[in-house]
Amino acid sequence: MNQNKYASKLIARHKNTKARVVEVTTAHGNFITPCFMPVATRAVFNNMGPEDAADTNSQIILGGNTYHMLVSPGMEVIQHAGGMHKFMNWSGPMLTDSGGFQVFSLARTNPKNCKIDETGVKITHPETKNIIMMTPESSIITQKTIGADIIMAFDQCTPDDLSVDEAVQIMHRTHRWLVRSMEQHAKQPQSDYGYDQALFGIIQGGVYQDLRLESAEFIIQQNTDGIAIGGESIGFDMEKTKLIMQWLEPILPAEKVRYTMGVGLNPQDLFDVVRMGVDIFDCVAPTRNARHGALYCGKIEADVENNWLKFTGTENAEARILIKKSIYKLDDNPIMADCKCYTCQNYSRSYLHFLFKSNQVAYTRLACIHNVAVMQLACDTMREFIINQQA
Ligand SMILES: [Zn+2]
């Protein structure tokens, strides 16, 4: 049995920005940042197999979210399979989320079905009406059964539109829940299958600078294995995300992995957060956009103003094409000229246009491979750039 201890090591800093390269060791292998994590919250990517994810240069994935896995297929199935790695046939590093964000989404859309108090959250599933009780302790226990290499403290996600007082309350509860998550994790530092697991704490504090700093200081004091930055704004509102990172970066410990949760609506977002000192990120958008016919299309070039890199659209300012448009009907070009992904190496826009218009299942897989590959191309290019221009 692999008993690699989780470890992170800073191996390069960019001379002109806060960007870094960190090498991370997990029980299921190493990864080198910056890294985009494709999302398989329901233990499956959108029609991509794990071998497709590996083919896009994905080093680590976000596999099987705690809340979704509790709902279906349930923990007995995951346990029976021997954990999420075996269940979904991914042998590399994996992170899973604690369910905090799903609770937040559910509370937003179905407030009646979601009761939050100091103990935890009682959720009535909107369709099955089954009741799920989630606490910091039960979330950690579930993540032991999922068996991911990086697990997350159970937190309460902060919506953007809260008053300072409300944001303070959520932040303090998140801190108390972190302590409870850590106590549960300390009872069994390994997964149910004997693999070492790292626990990350999550910084909340909404859009308030003093709260973000207070939350960061608390998380840093707890000495968790890595540090996540959460809340509704992160990834969703990139101007706020960048501002929050600007506040936090100076106090974050250099050796620990920084994870912005939910960043990656567009390739450019990755350039923006890595420049601010972030190492890993996940987002459902690349596969969701792909499914809906929005395919990333641009090129990576110098961002002179910021001494950095940027993703510039080659066809339009949005840096994506809508494959349903009739202009692609006879277009023999690949989706994106510089892309080396399986889809771009083998298929034309014309073919993808046809698959999309005729609702072929094969379309989604090819489209997802491309969009995820562009995110990884961004990461690979940044990593090389940082190493070539080290401080
Ligand atoms: Zn491609």
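Above: the structure in question.
Everything in this summary refers to the structure shown in the same document. Quick caveat: nothing in here was measured; it's all calculated off a predicted structure.

1. Description of the sheet that holds strand β2 (residues 20-26)
Note: strands within a sheet are paired through backbone hydrogen bonds, in either parallel or antiparallel orientation.
Turning to step 1, where the next piece is worked out: Across the sheet, three strands lie side by side as β1-β2-β3; this open sheet has antiparallel pairing. Both edges of this open sheet fall to β1 (7-13) and β3 (29-32), since each of them pairs with a single strand only. Sheet twist, expressed as the average angle between the axes of neighbouring strands with direction ignored, equals 15°.
Turning to step 2, where the next piece is worked out: Summarising the sheet, β2 and β3 pair through four bridges and their orientation is antiparallel.

2. A look at helix α10 (residues 238-248)
Turning to step 1, where the next piece is worked out: Of all the residues in α10, the buried ones are Met238, Thr241, Lys242, Ile244, Met245, Trp247 and Leu248.
Turning to step 2, where the next piece is worked out: Summarising the contacts, the buried residues of α10 are in contact with β12 (198-203), α8 (209-222), β13 (226-229), α9 (233-236), β14 (257-261) and α11 (267-275).
Turning to step 3, where the next piece is worked out: The N-cap residue of α10 is aspartate 237: its side-chain oxygen and the backbone nitrogen of glutamate 239 are 3.2 Å apart.

3. Description of the pairing of β12
Turning to step 1, where the next piece is worked out: Of all the six residues making up β12, six are buried; the element is thus mostly covered by neighbouring parts of the structure.
Turning to step 2, where the next piece is worked out: Here β12 shows two buried faces, one formed by Ala198, Phe200 and Ile202 and the other by Leu199, Gly201 and Ile203.
Turning to step 3, where the next piece is worked out: Strand direction decides the pairing type here: strand β11 (residues 150-152) and β12, joined by three bridges, are parallel. Pairing of isoleucine 150 across the sheet is with alanine 198, part of β12.
Turning to step 4, where the next piece is worked out: Two strands pair when backbone bridges link them, and β12 and β13 are joined in this way by four bridges, in the parallel orientation. Paired with isoleucine 203 across the bridge in β13 is isoleucine 229.
Turning to step 5, where the next piece is worked out: One crossover worth recording links β12 to the parallel β13 by way of α8, and it is right-handed.

4. Looking at the sheet that holds strand β8 (residues 114-116)
Turning to step 1, where the next piece is worked out: Judged by pairing direction, the sheet is antiparallel, and its three strands sit side by side in the order β8-β9-β10 without closing on themselves. Either end of the sheet is taken by a strand with one partner, and the two such strands are β8 and β10 (131-134). Direction aside, neighbouring strands of the sheet carry axes that sit 10° apart on average.
Turning to step 2, where the next piece is worked out: Bridge count between strand β9 (residues 121-124) and β10: four bridges; the pairing is antiparallel. Note on β10: the bridge partner recorded for valine 121 is methionine 134.

5. Re the layout of surface pockets
Turning to step 1, where the next piece is worked out: Space inside the largest pocket adds up to approximately 1,300 Å³.
Turning to step 2, where the next piece is worked out: Lining the largest pocket are 42 residues, with Phe101, Gln102, Ser105, Val284 and Arg288 positioned closest to its centre.
Turning to step 3, where the next piece is worked out: When residues of the lining of the largest pocket are traced back to their parent elements, those giving at least two are β5 (39-40), α2 (66-71), α5 (100-109), α9, β14 and α12 (285-291).
Turning to step 4, where the next piece is worked out: Here the lining of the largest pocket takes six residues from α5, the largest share from any one element.
Turning to step 5, where the next piece is worked out: Looking at the lining of the largest pocket, its residues break down into 20 nonpolar, 14 polar and eight charged.
Turning to step 6, where the next piece is worked out: Taken as a whole, the second largest pocket encloses approximately 210 Å³ of empty space.
Turning to step 7, where the next piece is worked out: Every residue along the wall of the second largest pocket is listed here: Phe104, Ala107, Arg108, Ile116, Gln156, Cys157, Pro159, Leu162, Glu166, Gln169, Ile170 and Arg173.
Turning to step 8, where the next piece is worked out: At the level of elements, α5 and α7 (164-187) are the ones that each hand at least two residues to the lining of the second largest pocket.
Turning to step 9, where the next piece is worked out: Top contributing element to the lining of the second largest pocket by residue count: α7, with four residues.
Turning to step 10, where the next piece is worked out: Tallied by class, residues from the lining of the second largest pocket come to seven nonpolar, two polar and three charged.

Conventions used here
- Residues numbered from 1 in each chain as written.
- Predicted model: local features only at pLDDT ≥ 70, side-chain atom pairs only at ≥ 80, totals over all residues.
- Heavy atoms only, no water.
- Pairing = 2+ DSSP bridges.
- Helix = DSSP H or I, 4+ residues; strand = E, 2+ residues; numbered from the N terminus.
- Axes fitted to C-alpha atoms, helices over the stretch in contact; angles between N-to-C directions.
- Buried < 20%, exposed > 50% of the residue type's maximum accessible area, 1.4 Å probe, protein only.
- Contact = heavy atoms within 4.5 Å.
- Polar contact = N/O pair within 3.5 Å; in protein donor to acceptor, adjacent residues only side chain to side chain.
- Right-handed = clockwise from strand over helix to strand, strands pointing away.
- 1 Å grid on protein atoms, 1.4 Å probe; cavity = no way out; pocket = protein on both sides within 12 Å on 5 of 7 lines; lining within 4 Å.
- Points joined across faces, edges and corners; volume = space filled by probe spheres on them.
- Nonpolar A, V, L, I, M, F, W, Y, C, P; charged D, E, K, R; others polar.

These figures capture arrangement, not role.
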